[in-house]
Amino acid sequence: MAAVAKLTAVPNYTDSSLDFLKTYTYSLSSDLLVPFGAAQSWAAGREHFKRYESLVSHNQLPFVRASGSDRVVHSATNWTAGFSHASHHIYNPSLSVIISESDSANNTLDDNMCPNAGNSDSQTNAWLATYAPPIARRLNKNAPGANITISDVYSLMTMCAFESVSINSESAFCKLFSKTEFEELEYYGDLDKYYNTGYGQELGPVQGVGYINELIARLTGKPVSDNTQTNHTLDASPETFPLDRTIYADFSHDNQMIAIYAAMGLFRQSVALNPTYPDPKRGWITSHLVPFSARMITEKLICTKNKEAEYVRIFVNDALQPLEFCGGDKHGLCTLDAFLMSQSYARNDGNDDFEKCFA
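Reading guide: rules and limits
- Residues numbered from 1 in each chain as written.
- Predicted model: local features only at pLDDT ≥ 70, side-chain atom pairs only at ≥ 80, totals over all residues.
- Heavy atoms only, no water.
- Core = buried A, V, L, I, M, F, W, Y, C linked by side-chain atoms within 4.5 Å.
- Buried < 20%, exposed > 50% of the residue type's maximum accessible area, 1.4 Å probe, protein only.
- Helix = DSSP H or I, 4+ residues; strand = E, 2+ residues; numbered from the N terminus.
- Contact = heavy atoms within 4.5 Å.
- Phe/Tyr/Trp six-rings, centres within 6.5 Å; stacked < 30°, edge-to-face > 60°.
- Lys NZ or Arg CZ within 6 Å of the ring centre and 35° of its normal.

*Asks:* How should I be thinking about the nonpolar core in this particular structure?
*Replies:* Considering soluble globular proteins, one finds that nonpolar side chains tend to be buried as a cluster. Ranked by internal contacts, the top residues of the largest apolar core, which has 75 residues, are Tyr131, Leu156, Tyr261 and Phe339. Looking at this core element by element, the count peaks at seven residues for helix α10 (residues 254-264). Sequence-distant contacts of Tyr261, that is, excluding residues within four places in its chain, are made with Tyr199, Leu266, Phe267, Leu289, Val290, Arg295, Met296 and Val316. Residues Ala44, Ala66, Phe83 and Phe251 belong to the second largest nonpolar core, which totals 18 residues.

*Asks:* Explain the environment of Arg71 here, please?
*Replies:* In this structure, Arg71 sits in helix α3 (residues 70-86). In contact with Arg71, not counting residues within four places along its chain, are Asp31, Leu32, Leu33 and His253.

*Asks:* Help me understand the packing of aromatic side chains in this model?
*Replies:* What characterises a pair of aromatic rings is the spacing of the ring centres plus the angle enclosed by the ring planes. Inspection of every chain in the model, using the stated rule, returns 18 aromatic pairs. Pairing Phe325 with Phe339 gives two aromatic rings, centres 6.4 Å apart and planes at 50°, and the pair type is tilted. Of the two residues, Phe325 is situated in the loop between β6 (319-320) and β7 (334-335) and Phe339 in helix α12 (residues 336-342); the sequence distance between them amounts to 14 residues. The partly exposed category is assigned to Phe325, whose relative accessible area is 25%. Overall, Phe339 belongs to the buried group, its relative accessible area being 0%. Note on Phe354 and Phe358: the rings are 5.2 Å apart at their centroids and 75° apart in plane angle, and the pair reads as edge-to-face. The exposure class of Phe354 is buried, given its relative accessible area of 9%. One aromatic cluster is present, built from ring pairs that chain together Phe49, Trp79, Phe83, Tyr91 and Phe251. A cation over a ring is seen here: Arg51 above Phe315, with NZ or CZ 5.9 Å from the ring centre.

This is the structure:
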């Protein structure tokens with residue numbers, strides 16, 4: 001990393017917090033699942049079995065899909081291993097479908113099918129120019145000659161998180177910044193997700209439409225109806241898209257999860273995020289929406305007293321969602337019919353937004 005190289009090239013530091021860089025070697029890999037991530041996926045699989053054990057049998061094993069990148073595939077297989085372990089290896093689900101991430105592939109688990117979608121650069125750069133200059137000045141004072149830029153500040157601050165999960169202990173980079181500065185970095189992440197594939201991006205929500213239509217098919221037991229990102233060949237086959245399972249597990253990317261939230265109507269904001277002034281009361285906080293090993297669980301429930309009444313509730317990272325968009329009650333329950341009605345954006349293929357991805 002260029003920012004780290006700038007600091008390690010400095011012969012003498014004026015602040016002892018930088019002394020670890022005298023012998024530091026950069027060793028992070030890209031696009032690989034680190035041991036911490038593998039452990040988190042394994043634990044999620046174990047927890048899922050414990051929570052939904054009553055839905056599992058030899059004839060009802062989870063149906064598991066993954067987008068085709070290496071770390072996503074390994075997340076899926078670690079999840080199945082955790083699930084199997086929790087059942088004392090009585091129930092051993094496997095990864096059934098890996099969906100290609102090639103440019104020509106239809107994939108509802110990856111955000112690669114909207115070439116005309118914009119990005120968050122304008123908003124994140126505005127915020128970086130707001131909060132990062134004092135940090136850059138301090139680092140340049142403590143590492144004379146490093147010529148740290150505000151872009152370098154972002155890179156160095158993210159080293160705290162990425163190296164910590166890589167080495168499974170706190171990175172020395174974390175001590176270079178204050179709690180307030182990390183809160184400022186957090187807002188950079190909020191802006192990035194909001195304006196990249198979230199509500200702040202005109203063609204953000206449409207990138208989650210295909211997945212919502214697959215979810216609707218599973219909830220209703222009816223074939224997928226979609227003309228956006230779905231792979232029609234895979235979704236038309238009961239071997240690669242069954243509709244009779246009690247548990248489905250899909251493994252994706254954080255940007256795609258944001259698009260799915262936005263397509264569904266989760267975490268809607270009353271006002272757009274301000275690129276230079278964070279609202280302390282905002283409900284859009286990326287570390288709550290898509291932390292490491294983020295999860296969204298959609299449950300379909302049938303009441304024992306009235307077996308014709310079907311309901312939906314949703315958890316994001318174990319937090320029950322209120323589902324205001326479909327009249328959710330105090331228990332977070334919407335009737336299945338109300339939930340389906342609320343998903344008109346997806347059921348209408350994004351109201352022509354998908355065509356804008358290519359026009």
